[in-house]
Amino acid sequence: MAKRTPSAQKRARQNVKRKARNRGVRTQVKGLRQVYLDALKKSPSGAAGAFKNFISAADKAATKGVIHPNKAARLKSRAARKLSQAGAKAS
């Protein structure tokens, strides 16, 4: 448990809540990424919607401070590259 001071105890309680909330956001980003990759394998032309949802979730997570902005940029870049490569193959 936290230290004896009331402020340290409050910080510990806040950290538990924030950890749970951040974990949910991180899980959502990972899940949307997987949905996008699955959609890309099935039909590259139909993966644009899943791509848009994933990009939006990654941006929101970075804005909230759940993931680092550079990580969000890296994930988005890799996803966009896969989409363009799949589009080139499909065309």
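Remember, predicted model here, so these are calculated numbers, not experimental data. (Residues numbered from 1 in each chain as written. Predicted model: local features only at pLDDT ≥ 70, side-chain atom pairs only at ≥ 80, totals over all residues. Heavy atoms only, no water.)

Broken down by element type, the protein carries three helices and zero strands. Reading the protein from its N end, one meets helices and strands in the order α-α-α. A globule of 91 residues ought to have a C-alpha radius of gyration of about 12 Å, yet the protein, at 18 Å, is considerably larger. A principal-axis box enclosing the C-alpha atoms of the protein has dimensions of 65 × 20 × 15 Å. The burial tally for the protein puts 24% of its 91 residues in the buried class. In the protein, the proportion of contacts linking residues at least 24 apart, taken out of those at least 6 apart, comes to 50%. For the protein, the accessible area works out to roughly 6,800 Å², and carbon and sulfur atoms hold 53% of it. (Helix = DSSP H or I, 4+ residues; strand = E, 2+ residues; numbered from the N terminus. Rg over C-alpha atoms; globule rule 2.2 N^0.38 Å. Buried < 20%, exposed > 50% of the residue type's maximum accessible area, 1.4 Å probe, protein only. Contact = heavy atoms within 4.5 Å. Areas by Shrake-Rupley, 256 points an atom, 1.4 Å probe, with all protein chains shown as cover.)

Attention now goes to the pattern of salt bridges. Using the criterion set out here, one finds one salt bridge in the structure. Here Asp59 makes a salt bridge to Lys76, at a shortest N to O gap of 2.7 Å. With a gap of 17 residues between them, Asp59 in helix 2 (residues 48–64) and Lys76 in helix 3 (residues 69–90) connect regions that are remote in the sequence. (Salt bridge = Lys/Arg side-chain N within 4 Å of Asp/Glu carboxyl O.)

All right, on to the nonpolar core then. In this structure, Tyr36, Phe54, Ala61 and Ile67 are the most contacted members of the largest nonpolar core, which totals 21 residues. At the level of secondary structure, the elements contributing two or more residues to this core comprise helix 1 (6–42), helix 2 and helix 3. It is helix 2 that provides the largest number of residues to this core, a total of eight residues. Setting aside anything within four residues of it in sequence, one finds Ile67 in contact with Arg26, Ala58, Ala61, Ala62 and Ala72. (Core = buried A, V, L, I, M, F, W, Y, C linked by side-chain atoms within 4.5 Å.)

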